[in-house]
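Below, each chain spelled out in residue letters.
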Amino acid sequence: MSEPLSGPGSATRTPGREPARPGLPRSSRTARNHAPITATGLLVKVVLLGLVAGIALWAAFPLIEAGYWLGLGVLTVTTAGLFYLYLSRRHIPAKYLVPGTLFLIAFQIFPVLYTASTAFTNFGDGHRGSKDDAVVAIQTSSVKQVPGSTEYALTIATTGDPATGPLTFLLSDPKTKEVFAGDAGGLRQLDASDVTVSSLSGKITAADGYTVLNIGQASGRSDAITALIVPTDDGAIRSNGLTRAYEGKAARAYDAGCDCVKDSETGKTWTADEKIGSFVAADGERLTQGWKVNVGLKNFGAVLTDPNISKPFFGTLAWNFAFAIGSTGFTFLLGMAIALALHSPRMRGTNFYRVLLILPYAMPSFAMLLVWRDMFNTDFGLLNNLFGLDVDWFGGAWSARIAVLLVQLWLGYPYMFLVATGALQAIPRELTEATSVDGASPWQSFKAVTLPLLLVALSPLLIASFAYNFNNVNAILFTTEGGPFAPDNPRNGATDLLITYTYRLAFGAQGAEFGLAATVSIFIFAIVATVSAISFRRTRKQEEVYS
Amino acid sequence: MRIRTAGVVAVLGLALAASGCGDSGSDKPAAEQSASKATGGKLVIWADDKRTAALKPFAEEFGKENGVTVEVQAVSKDLQTNFVTASQQGSGPDVVVGAHDWIGNLVQNGAIDPVQLPAEQKTGFNETAIKAVTFNGQLYGVPYATENVALIRNTELAPEAPKTIEDLVATGKKLKAQKKATEILCLQSGQNGDAYHIYPLYTSAGGYLFGTAANGDYDPKDLGVGKPESIAAFQKIGKLGEKGDGALKRSITPENAISTFTGKKCAFLVSGPWAVADAKKANIKYDISPVPGFAGAKEAQPFVGVQAFYVAAKGKNKALAQEFVTNYVTKPELAVALYKAEPRPPALTAAFDQVKGEDADLAKFSEAGKNGQVLPAIPAMAAIWDPFGKAEAAVIGGADPAKTITAAGKTIQGQIK
């Protein structure tokens, strides 16, 4: 309990004013010696804990509503744990560690686990929901009007209270002028003298023994109206909106006995296949509505064995590295060169130049990428027109790669220039002056003193920039869209990064395939993680040498 | 004293928590109660920006007439994807407005329900439009507008409508030689192609995408891409490309096609009703005619797309949504208002006749789309767009059509389950 930074609540005391009483545990008395600070600290604590409680309660209601008890349990335990931790005076290191850990779990670990779990499913278009959802969708979408049946004018009525009473459909046949009342028990004819029928709309406006609901009242009970089905000999009368009803029949029905869907019109059956999450007929035809199932390692197998995916993988990976290294390297070189030039004491008007140089950084890259794309247009682009060229920039593999790197250079060098300028100013001029006294040339002193010191400061930024560019979707999707594509392979282009390639695999054709996309993401994650781990290890060695 | 501090914190914390609880606990039911008492149900409609603005007054009127609350929410990007995702989570709207080629995907995700329109209402619509929103023998949406591409030409540069593509190329080349234009034809392609705009030429040269099944729907098992007809079609298209006549170019992109036309750099533009506003703004004298076909070949058939209203399967107020879609959207006044927000020919015959008189372009577009093909709504169509477009771009750039189209056909076939 003697480390100087630990205190009850981070804001309650300043470490520098810690009374030097080693060995003696701090009593609450010392805390109150800083009365004004304690008040602020207390307030902060109350507000933050109140916020935690508020968020927990806000999150609890939907969880209870959905009956998601595990989630509720996690929420309760976490909230209780947080209150215990910050209201007690013990566990001081945990007070510092827990918030970060919670955010790490929520925003890093959970998404990674979720992606990983998605990779083992067929989650995607046509396989989004549960089997029950699919069955409901199949049955509902097969409801057809019974041929030659009557279209009724519908009035919603009840025998009880408009907001809660049991509902009845009051139906009038516009042709025969017959009137009926229908509920879940069936249809029965009403005496025409008991009801009033509007001559304008053909609807029943009043009936003995029933309270008629107006559209406003009826719309408040939409679910009950949709659920009310009046059985008839040929099918059932269903509401169509709030003013009409029709006699319809579901052609397809699910039979739990054979775990299949039967079509009563054609007699065809589709049996559930739990491996692929679809109802499949004997002739191989699938119903469009499927459900989400666990497919095991199928997606991983597809990535490794499907020649469409695995063949271009290594070529794409190589270009992906070239792109990330090129984007980072060239921007760093240019940014540093300009920073060095402006750092020279003989340079005049440096502030003016600095403002000019930062301009590209100040413009939104999203818009700049689109502008650049148009500037590379063969016939109408600024570049070809200005320089009198006739280069099909995005049409050739190498010209497209160069174009993309040029855009990256333009977008990225101001950032490198800024950080290099900052780092340069932190290097004492005495050091370079000392080398020149020793007779070193400017190049030698740059190589031996300035560059290593710069790299110590900038290495983490360079690694971050590399990792960012490795997955820089925008830079590709807004310019070449991964193209140009070889005529015989529309799935993988010359400037595709792994991430844009994944994007196309996942969403490019046949709708979204989240399962497959998650699998490829895991591969990419492994690659980026390995590269980062290696480079951080090397940086650490470098820091040990120079610091 | 320690206990007292802890106590103060605890009490204050609880008080704050309680106030938070009060907020979330009591507000919602209260709002719901007042909503159901005062206004009955609530209808939520999702549409894109332009249509939201046009729909709002009508939605409000519908709300007032029936004592319900209607909310029109603009979803400006990825409406279809957002709708599917939201409806899966149960937070989707009751009604959604969108293109008919979404139907296949929306149905396979169980996101929309069929709509029951009585026969006499159905006959009030353009036949093609009804066909477009019919999927697996069921009507899934209520159409309100149709759209298709046509040939828009600058009448100062080209007074006569070309009868064939060859005519068009000859006129275009002459204008280019006279330095009156820099391009022969503005038909957008870009580096990745554009299946929608090249389709009339593809059909004229004999190609097809899907065969027709017995029930009149497109049959995903009969894929036309990669078949000899499609290769022959792309050989003709290739001759118009960069290594041939130079009428089709990858440098003409979706972004610059219309502006190149309005900048008088080309006399012919293949585009839809949405391009007319730009042409008017630029004071171009223009006329609209069907996209011409190749000489001695089949007629050029553009895709016909339909914009429609759908009832969400997982909406909270389905009965009201059905009421709105089947009884209110079918009113000509709404169709006319939507036409005014964006000039696409109304699908409702009565509305079309009403606006036809004041807008001659409308009839011309509709004429150009008369022999068009309904854009396939089957989920397999999603597999077509990307490979087909890229193959088109490659052929325009001079690649071997046989090799390119065979590969595209294989890729598409591999994607169709």
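What you see is a predicted model, and the numbers here were worked out from it, not measured in a lab.

A. Quick look at the overall build of chain B. Along its length, chain B carries 17 helices and 14 strands. With the C-alpha coordinates aligned to their principal axes, the bounding extent of chain B is approximately 95 × 55 × 50 Å. Burial status across chain B gives 58% buried among its 417 residues. For chain B, the accessible surface area stands at approximately 16400 Å², while carbon and sulfur atoms represent 54% of it.

B. Main features of the domain arrangement of chain B. Residue and element names in this part refer to chain B. Looking at chain B, the domain boundaries give domain 1 (42–147 + 305–374) and domain 2 (150–301 + 378–415). The C-alpha centroid of domain 2 is placed 28 Å from the C-alpha centroid of domain 1. If you look at the interface, domain 1 gives 19 residues, while domain 2 gives 24 residues. Buried surface at the junction of domain 1 and domain 2, summed over both partners, amounts to about 1700 Å²; 56% is from carbon and sulfur atoms. Contact with domain 2 buries area across many residues of domain 1, yet F365, N371 and Q373 alone supply 35% of it, more than any other trio. Connecting domain 1 to domain 2 are 2 salt bridges. One salt bridge connects D287 with K364, and the closest N-O pair in it is separated by 2.9 Å. Where the side of domain 1 that touches domain 2 is concerned, the elements lending two or more residues are α4 (103–108), β5 (134–135), α15 (360–368) and β14 (373–374).

C. Quick look at a positive patch on the surface. Residue and element names in this part refer to chain A. A surface patch of like charges, here positive, comprises R537, R538, R540 and K541. In this structure, R538 sits in helix α18 (residues 514–546). Its relative accessible area of 60% is what places R538 among the exposed residues.

D. Representation of the interface of chain A and chain B within the structure. On the chain B side, the residues contacting the 71 residues of chain A number 74 residues. In this structure, the connection of chain A to chain B is made through 3 salt bridges. R250(B) serves as the salt-bridge partner of D392(A), at 2.6 Å between the closest nitrogen and oxygen. Taken together, the links from chain A to chain B amount to 28 residue pairs in polar contact (both at pLDDT 80 or more). Looking at which element gives the most residues to the side of chain A that touches chain B, the answer is helix α2 (residues 35–66) of chain A, with 12 residues. Looking at side-chain class alone, the side of chain A that touches chain B contains 22 nonpolar, 29 polar and 20 charged residues.

E. Looking closely at the sheet that holds strand β14 (residues 269–273) of chain A. Residue and element names in this part refer to chain A. Strands sit in the order β12-β13-β14-β15 across an open sheet of 4 strands; the sheet is antiparallel. In this open sheet, the two edge strands, each paired with only one partner strand, are β12 (252–255) and β15 (278–281). Taken over all neighbouring pairs, the strand axes of this sheet differ in orientation by 30° on average, direction set aside. Strand direction decides the pairing type here: β14 and β15, joined by 4 bridges, are antiparallel. From the neighbouring strand, A272 faces β15, where its bridge partner is F279. Of the strands in this sheet, β12, β13 (260–263), β14 and β15 are in contact with helix α5 (residues 131–141), which crosses β12 at around 150°.

F. A look at the side chain of S271(B). All names here are of chain B. Looking at the element boundaries, S271 is found in strand β11 (residues 268–271). You can call S271 buried: its relative accessible area is 1%. A polar atom in the side chain of S271 sits 3.4 Å from the side chain of W274. Beyond its immediate sequence surroundings of up to four residues, S271 is in contact with N148, V149, A150, I152, H197, I258 and F365.

G. Quick peek at the UniProt feature "transmembrane region" (unreviewed entry) in chain A. Within this structure's numbering, the places UniProt gives as "transmembrane region" (unreviewed entry) are residues 42–61, 67–87, 96–114, 317–340, 352–372, 402–427, 448–468 and 514–536 of chain A. This span, residues 67–87 of chain A, is 90% helix and 0% strand, and a straight line between its end C-alpha atoms measures 31 Å.

H. Spatial organisation of the state of the cysteines. Summed over the entire model, instances satisfying the criterion amount to 2 disulfides over all chains. One disulfide in the model links C258(A) with C260(A); its S-S distance is 1.9 Å. Here the S-S torsion is close to -50°, and the disulfide linking C258(A) with C260(A) is therefore left-handed. Here C258(A) falls in the partly exposed class, since its relative accessible area comes to 32%. Here C186(B) pairs with C266(B) through a disulfide, and the sulfurs are 2.0 Å apart. The sign of the S-S torsion, about -115°, decides the handedness of the disulfide formed by C186(B) and C266(B): left-handed. Of this pair, C186(B) sits in the loop between α7 (165–177) and α8 (195–204) while C266(B) sits in the loop between α10 (257–262) and β11, placing them 80 residues apart in sequence. Take C186(B) and C266(B): they sit in the same class, and that class is buried.

I. A look at helix α17 (residues 498–507) of chain A. Of all 10 residues making up α17(A), 7 are buried, and the element is well covered by its neighbours. Among the residues of α17(A), L498(A), T500(A), Y501(A), T502(A), R504(A), L505(A) and A506(A) are the ones counted as buried.

J. Fine view of the environment of L458(A). Residues and elements named next belong to chain A. Within the secondary structure, L458 sits in helix α15 (residues 442–470). Counting along the chain gives 151 residues from L458 to P307, while the straight-line C-alpha distance between them is 41 Å. What L458 contacts, discounting residues up to four positions off in sequence, is F332, V419, A420 and A423.

Rules and cut-offs
- Residues numbered from 1 in each chain as written.
- Chains lettered and ligands numbered in written order.
- Predicted model: local features only at pLDDT ≥ 70, side-chain atom pairs only at ≥ 80, totals over all residues.
- Heavy atoms only, no water.
- Helix = DSSP H or I, 4+ residues; strand = E, 2+ residues; numbered from the N terminus.
- Buried < 20%, exposed > 50% of the residue type's maximum accessible area, 1.4 Å probe, protein only.
- Areas by Shrake-Rupley, 256 points an atom, 1.4 Å probe, with all protein chains shown as cover.
- Domains from an automatic or database assignment.
- Contact = heavy atoms within 4.5 Å.
- Buried area = accessible area lost by both parts, 1.4 Å probe.
- Salt bridge = Lys/Arg side-chain N within 4 Å of Asp/Glu carboxyl O.
- Patch = residues over 30% accessible without salt bridge, like charges linked within 9 Å, V, L, I, M, F, W, Y side chains within 5 Å.
- Lys, Arg positive; Asp, Glu negative; His and termini not counted.
- Charge placed at Lys NZ, Arg CZ, Asp CG, Glu CD.
- Polar contact = N/O pair within 3.5 Å; in protein donor to acceptor, adjacent residues only side chain to side chain.
- Nonpolar A, V, L, I, M, F, W, Y, C, P; charged D, E, K, R; others polar.
- Pairing = 2+ DSSP bridges.
- Axes fitted to C-alpha atoms, helices over the stretch in contact; angles between N-to-C directions.
- UniProt positions renumbered as here; feature names shortened; annotations may be inferred.
- Disulfide = S-S within 2.5 Å.

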